[in-house]
Amino acid sequence: MAQDIGVIGMAVMGSNLALNMADHGFRVSVYNYTPDLTKQFTAERPHENITPYYDLKGFVDSLEKPRKVMLMIMAGAPVGSMVLQLLDILEPGDIIIDGGNSFFGDTRRRCIQCKEKGVLFFGMGISGGEEGARKGPSIMPGGDASAYEAIRPVYEAIAAKADDGRPCCAYIGENGAGHFVKMVHNGIEYADMQLIAETYLLLKYVGRFTNQEMSEILRSWNQGELKSFLIGAAADILAEHDDVAAGYIIDKIVDKAGQKGTGRWTCMEAMRLGVNVSMIDAACNTRISSNDSGRITARRAMAQPECSRADKEAFAEMVRKSLYTAKIIAYAQGFSLYHTASDAYGWHLNFSDIASVFRAGCIIQADFLNKIAEAFQHNPSLENLMFDEFFLMRINDGTDNLRHTVSAAALGGIPVPAYMSALEYIDIFRSRSVGANLIQGLRDYFGAHTFERVDTGEAVHHDWKRH
Ligand code: 6PG
């Protein structure tokens with residue numbers, strides 16, 4: 001009997017997704033560029049619905065038409081080369097689904113490349129890591145709308161289910177839309193993690209809480225409006241004892257962060273489209289600077305201010321409120337990038353669906369996403385999440401706390417660039433002036449770039465040097 005779907009790439013994500021599909025009753029063909037991984041996978045984790053293939057033609061021939069071939073291989077050149085090989089074998093109407101973290105610009109190009117041969121290409125953002133792939137990830141498919149119905153049953157079945165039972169999988173839009181949404185999801189993930197790391201620094205160096213106390217604080221926050229996978233994970237990490245030497249594992253981890261590049265892509269794309277995602281920029285830059293050897297020189301050469309608070313409990317509560325406010329801004333920035341990109345690329349993104357898809361399965365899953373989904377459901381063209389009634393009220397309530405938290409950090413010399421960027425973003429929007437009138441004056445003074453007059457709205461040049 002013909003197989004329902006084929007998965008290429010038997011590393012961690014591919015093999016777990018194949019098992020997830022097989023568990024849901026789909027007959028899955030699997031193939032890997034080198035046979036060793038396929039052999040190991042089928043020997044160690046056999047499944048009655050999974051059939052291994054060791055040649056690409058045999059793998060493709062095993063599939064029911066229109067064939068559905070999912071790529072779970074490394075983004076970049078490997079995807080490009082596999083698409084070329086498949087285009088020689090597949091027939092018009094067949095579907096290729098790229099489930100890796102490919103750059104959305106590559107996906108846009110591949111959609112056109114495949115369409116020339118009548119093959120349909122999907123760029124599918126998948127979030128959830130190994131466990132998500134096996135038990136239910138968050139899925140963001142982008143590609144030809146007419147082909148979505150053919151793949152929908154598989155992906156809705158294997159996706160994570162939110163508390164209301166809805167699958168965390170929704171058609172995102174044409175061509176690169178799915179990979180774009182996943183890329184910005186990762187950017188938001190960077191900002192979210194950076195805020196939690198800064199919260200840790202504030203509680204540790206200003207609040208003077210111990211690891212165990214900080215873990216308990218985060219655990220209690222995880223019962224309320226901040227409830228999320230990442231807060232729970234941070235609470236677990238802070239309480240974890242080292243099994244190699246005495247003490248906590250958090251104190252044994254080198255203070256340098258890695259990154260694979262999707263956060264950086266988000267910042268570059270935001271800059272290109274002219275969207276302020278300062279909190280994602282702050283998160284990326286802090287990861288970059290964490291690896292800068294100049295930190296050692298600076299630590300020796302520069303004074304470290306001290307700042308501690310006697311009112312520890314009140315301080316922790318102020319930080320909690322600030323974290324919630326800053327988190328709203330991180331998501332407001334990410335969703336305003338979605339808004340601009342949707343117009344620029346003609347994707348007609350449904351922001352409520354996007355927030356709903358993030359509610360389970362992925363790293364940024366949080367109760368908070370229900371509120372975002374509601375805000376965009378209420379007003380699908382909401383320009384900035386900050387202007388939704390609920391979030392505006394929360395920002396107005398929380399900004400003073402955020403201001404005091406950022407002041408405490410500044411006085412104590414604690415680097416909190418994401419908190420600071422959140423406050424700065426609020427102040428830029430609400431302030432009566434951002435000084436752009438003087439910038440325009442300077443531009444016109446030096447280069448006769450003209451400026452717009454307040455009274456007439458005209459673009460004029462002023463003769464600055466007439467006296
Ligand atoms: C996911 C994650 C996953 C990973 C990113 C970021 O949704 O499953 O986003 O894709 O966390 O690749 O990784 P880096 O922190 O290494 O850039």
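Note that the coordinates shown come from a computational prediction; the quantities given were computed from them, not determined experimentally.

**A word on the pairing of strand β7 (residues 138-143)**
Here β7 lies mainly inside the structure; six of its six residues are buried. Residues of β7 alternate between two faces, with Ser-138, Met-140 and Gly-142 on one and Ile-139, Pro-141 and Gly-143 on the opposite face, all of them buried. Note that strand β6 (residues 120-127) and β7 share six bridges and pair antiparallel. Paired with Gly-123 across the strands is Gly-142, a residue of β7.

**A short note on the pattern of salt bridges**
A complete count under the given rule lists 26 salt bridges for this structure. With its nearest N and O atoms 3.7 Å apart, the salt bridge here joins Arg-67 to Glu-91. Of this pair, Arg-67 sits in the loop between α3 (56-61) and β4 (68-71) while Glu-91 sits in the loop between α4 (77-89) and β5 (95-98), and the two are 24 residues apart along the sequence. Among the salt bridges present, the one from Asp-427 reaches Arg-430, with a minimum N-O distance of 2.4 Å. In this pair, Asp-427 and Arg-430 both sit in helix α18 (residues 417-430), three residues apart, roughly one turn of the helix. Its relative accessible area of 53% is what places Arg-430 among the exposed residues.

**Thoughts on a nonpolar patch on the surface**
Together, Phe-387, Leu-392, Ile-428, Phe-429 and Val-434 make up an exposed nonpolar region whose accessible area comes to about 460 Å². Relative to the helices and strands, Leu-392 resides in helix α17 (residues 389-412).

**Comments concerning helix α8 (residues 177-206)**
The α-helix advances 3.6 residues per turn, and as a result positions three or four apart in sequence lie on the same side. Its 30 residues give α8 an end-to-end C-alpha distance of 43 Å, which sits within 8% of 44 Å, the value for a rise of 1.5 Å per residue. The buried count for α8 comes to 25 of 30 residues, which makes it a mostly enclosed element. A positive backbone phi angle near 60 degrees is found at Arg-208, which sits one or two residues after α8.

What counts, and at which threshold
Residues numbered from 1 in each chain as written. Predicted model: local features only at pLDDT ≥ 70, side-chain atom pairs only at ≥ 80, totals over all residues. Heavy atoms only, no water. Buried < 20%, exposed > 50% of the residue type's maximum accessible area, 1.4 Å probe, protein only. Helix = DSSP H or I, 4+ residues; strand = E, 2+ residues; numbered from the N terminus. Pairing = 2+ DSSP bridges. Salt bridge = Lys/Arg side-chain N within 4 Å of Asp/Glu carboxyl O. Patch = residues over 30% accessible without salt bridge, like charges linked within 9 Å, V, L, I, M, F, W, Y side chains within 5 Å. Areas by Shrake-Rupley, 256 points an atom, 1.4 Å probe, with all protein chains shown as cover. Expected span 1.5 Å × (residues − 1).

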